[in-house]
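Report on the structure
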Amino acid sequence: MLIVTNEHIAPLYLEPLLQHLESLDKVETLILPAGEQYKNLASLELIATTLLKKNFGRDTTLIALGGGVIGDLTGFAASCYQRGTDFIQMPTTLLAQVDASVGGKTAINHNLGKNMLGAFYQPRAVLIDIATLNTLPEREFVSGLAEVVKYGAIWDQQFFHWLEAHTQRIIDKDKEALCYLIKKCCEIKAYIVEQDEREHHIRALLNFGHTFAHAIEAQTHYQQYLHGEAVAIGMCMAAQLSAHLDLISFADVERLRTLLKKLQIPLNLRHEASYDEYVTLMQRDKKNSQGSIHFVLLESLGKAKIMKHVPNNLLQQVIKGYT
Ligand code: NAD
Ligand code: GLY
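Presented here is an overview of the structure given in this document. All residue numbers refer to positions counted from 1 along the written sequence of the respective chain. Both sets of labels track the order of writing: A upward for chains, 1 upward for ligands. At least 70 in pLDDT is required for a residue's local features to be given in this predicted model, at least 80 for side-chain atom pairs to be given and counted, and no such filter applies to totals for whole chains, interfaces and linings, which use all residues. Each side-chain value is worked out from all heavy atoms of the structure, with water and hydrogens disregarded.

Only DSSP runs of H or I covering at least 4 residues are called helices, and only runs of E covering at least 2 are called strands; the numbering of each starts at the N terminus. Assigned secondary structure in the protein consists of 13 helices and 9 strands. Relative to a compact globule of 323 residues, whose C-alpha radius of gyration would be 20 Å, the protein shows 20 Å and is just as compact. Along the three orthogonal principal directions, the C-alpha set of the protein runs to about 60 × 45 × 35 Å. In the protein, which comprises 323 residues, the proportion classed as buried is 54%. Contact definition: two residues touch when any of their heavy atoms are within 4.5 Å. Here the analysis covers contacts within the protein between residues at least 6 apart in sequence; of these, 73% occur between residues at least 24 apart. Only the protein chains shown count as covering a residue, and every accessible area follows the Shrake-Rupley method with a 1.4 Å probe. Working note: accessible area of the protein is about 15,100 Å², and carbon and sulfur atoms make up 50% of it. Only four residue types enter the tally: Lys and Arg on the positive side, Asp and Glu on the negative side; His and the chain ends are excluded. A charge is said to be at NZ when it belongs to Lys, at CZ for Arg, at CG for Asp and at CD for Glu. Here the protein carries 31 positive and 35 negative side-chain charges, and the mean point of each set is 3 Å from the other. Our radius of gyration looks at C-alpha atoms and nothing else; its globule reference is 2.2 Å times the residue count to the power 0.38. Think of it in three bands: with a 1.4 Å probe and only protein chains considered, a residue is buried below 20% of the maximum accessible area for its type, exposed above 50%, and partly exposed in between.

Here it is as structure tokens:
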């Protein structure tokens, strides 16, 4: 068994995990530097080298102890080491607990694009300990809440209402509230992925807000916004686009914005980019086909759909008008 983690997480959680595993014969650890820039080919090679040097065969299990970076990288290593070994996700960020660790998307980045090398490869198990959220920087925690709101907005109206009613408990990291919301997000994601693992149809709904968010992240070279922060802004833009198309009301857009704000997620754009810059980047989205940008839009707060042809003038209105 090889535990892959990073320099931030190892001092906090590696020792307790090793104690739990002490009855096993062969448990090795690999501690990587922290950061998205290490979700790359060099780290993948380092994992493979470690496994080979320690004579691990295909019957071994990799454990990903960390956030989405460690989870995506370790999952991808498991998918290709000797054509596939088991792996277990132990996510330690809220984003990884509600999204990245579930559903089997694994990947590393290439210099020419994020998540460009990867595989759909399911973990054997996802083990979540919400106590790890106590050491997570507050900004990371709040950013993860954007993905939580996403599930309510695209799939589950009752969950959306529950989030509206419990914002204070969530901000206070009330244990019962956190357990409820993490379980709910995992259940929704698992249900969707069971039906469409390879994103041919409904899995794409999980990308609500992400078409805009990926453009925002790329415009700012992944430096200015955490992923969830960009997703929150992207969800507001997608909701506004839905309202311009008469799918939802502008009051619904405001309701979404209010929930995100109450959860302390910043919604202001902190950089400038033109409509053309958005469109160029959005055209590269993996969901697109036949040259048109596919948008995930809301039909109500709790229901989403994909739309393949959106009038340019409405898109322009949303991007130029976003405040
Ligand atoms: P991350 O993995 O970079 O973790 C954020 C920061 O928090 C890091 O510095 C990390 O070392 C630190 N950290 C993690 N857990 C901690 C803890 N408990 N206490 C203290 N510090 C802790 O960020 P993330 O938001 O978890 O993941 C982002 C990555 O996930 C991106 O690479 C993204 O592409 C990927 N992702 C994947 C999927 C998927 O479906 N596979 C979905 C969403 C995002
Ligand atoms: N994070 C979106 C997905 O897993 O499909």
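For this description, a residue counts as near a given molecule or strand if any of its non-hydrogen atoms is within 4 Å of it. Near ligand 1 there are 25 residues, and of these E36, G68, T92, T93 and T135 occur at the shortest range. Here a polar contact means two N or O atoms within 3.5 Å. Within protein one must be a hydrogen donor candidate and the other an acceptor candidate, and residues neighboring in sequence count only if both atoms are side-chain atoms. N6 is positioned such that a nitrogen or oxygen atom in its side chain is 2.9 Å from an oxygen atom of ligand 1. E36 is positioned with one of its side-chain polar atoms (N or O) 2.7 Å from an oxygen atom of ligand 1. Considering ligand 1 on its own, with 870 Å² of exposed area, one finds that the protein chains cover 87% of that surface. Elements that contribute at least two residues to the shell around ligand 1 include exactly α1 (10-20), α3 (68-80), α4 (94-100) and β6 (113-120). Gly is put with the polar residues, along with every residue not named as nonpolar or charged; the nonpolar set is Ala, Val, Leu, Ile, Met, Phe, Trp, Tyr, Cys and Pro, and the charged set is Asp, Glu, Lys and Arg. Looking at side-chain class alone, the shell around ligand 1 contains 8 nonpolar, 9 polar and 8 charged residues.

All residues in the neighbourhood of ligand 2 are listed as D99, K105, K189, E199, R203 and L206. Within the side chain of K105, a nitrogen or oxygen atom sits 3.0 Å from an oxygen atom of ligand 2. Between ligand 2 and the protein, one listed contact pairs an oxygen atom with a side-chain N or O atom of R203 at 2.8 Å. When ligand 2 is considered free in solution it has 200 Å² of accessible area, and contact with the protein chains removes 88% of it. Of the residues belonging to the shell around ligand 2, the class tally is 1 nonpolar, no polar and 5 charged.

Glycine aside, residues mostly have negative phi, and peptide bonds are mostly found in the trans state. Residue N55 is not a glycine yet carries a positive backbone phi of 60 degrees. As for its placement among the helices and strands, N55 is situated in the loop between α2 (41-53) and β3 (61-66). What makes N55 exposed here is its relative accessible area of 63%. The phi dihedral of K173 is positive, around 55 degrees, even though this residue is not glycine. Structurally, the position occupied by K173 is in the loop between α7 (167-171) and α8 (175-195).

Okay, the pairing of strand β8 (residues 295-300) next. Pairing between strands is defined by DSSP: at least two bridges between the two strands are required. Pairing between β8 and strand β9 (residues 303-307): 5 bridges, direction antiparallel. By the bridge assignment, S300 is partnered in β9 with K303. In textbook terms, the turn of a hairpin is the stretch between consecutive antiparallel strands, and for β8 and β9 this stretch comprises 2 residues, one of which, G302, has a positive phi near 130 degrees.

A surface patch of nonpolar side chains, amounting to about 270 Å² of accessible area, comprises L41, M116 and L117. Along the chain, L41 falls in helix α2. Patch definition: residues above 30% relative accessible area lacking any salt bridge, with like charges linked at up to 9 Å and the nonpolar side chains Val, Leu, Ile, Met, Phe, Trp and Tyr linked at up to 5 Å. One side-chain nitrogen of Lys or Arg within 4 Å of one carboxyl oxygen of Asp or Glu is enough to make a salt bridge.

What follows covers the packing of aromatic side chains. Whether two aromatic rings pair depends on their centres lying within 6.5 Å, for rings of Phe, Tyr and Trp, where Trp uses its six-membered ring; planes under 30 degrees apart make the pair stacked, over 60 edge-to-face, and the rest tilted. Scanning the model with the defined rule gives 6 aromatic pairs in all. Between F87 and Y121, the aromatic rings sit 6.1 Å apart at their centres with planes inclined by 15 degrees, giving stacked as the arrangement. Pair noted here: F87 is in strand β4 (residues 86-91) and Y121 is in the loop between β6 and β7 (125-126), with a separation of 34 residues, a long-range link. F87 sits in the buried class, given a relative accessible area of 1%. Geometrically, the ring pair formed by F212 and F295 is tilted, given 5.5 Å between the ring centres and 35 degrees between the ring planes.

Within helix α9 (residues 210-219), 8 of the 10 residues are buried, leaving the element largely enclosed by the surrounding structure. Inspection of α9 places H210, T211, F212, A213, A215, I216, E217 and Q219 among the buried residues, and these make up the whole buried set. Taken together, the buried residues of α9 touch α5 (138-155), α10 (227-244), α12 (275-282), β8 and α13 (312-321). Of the residues trailing α9, H221 is marked for its positive phi of about 50 degrees.

As a further point, take the environment of A107. Mapped onto the elements of the fold, A107 is located in strand β5 (residues 105-110). Residues A107 and R257, 150 residues apart in the sequence, show an inter-C-alpha distance of 31 Å. Leaving out residues up to four positions away in the same chain, A107 has contacts with K39, D72, L73, F76, N115, L117 and G118.

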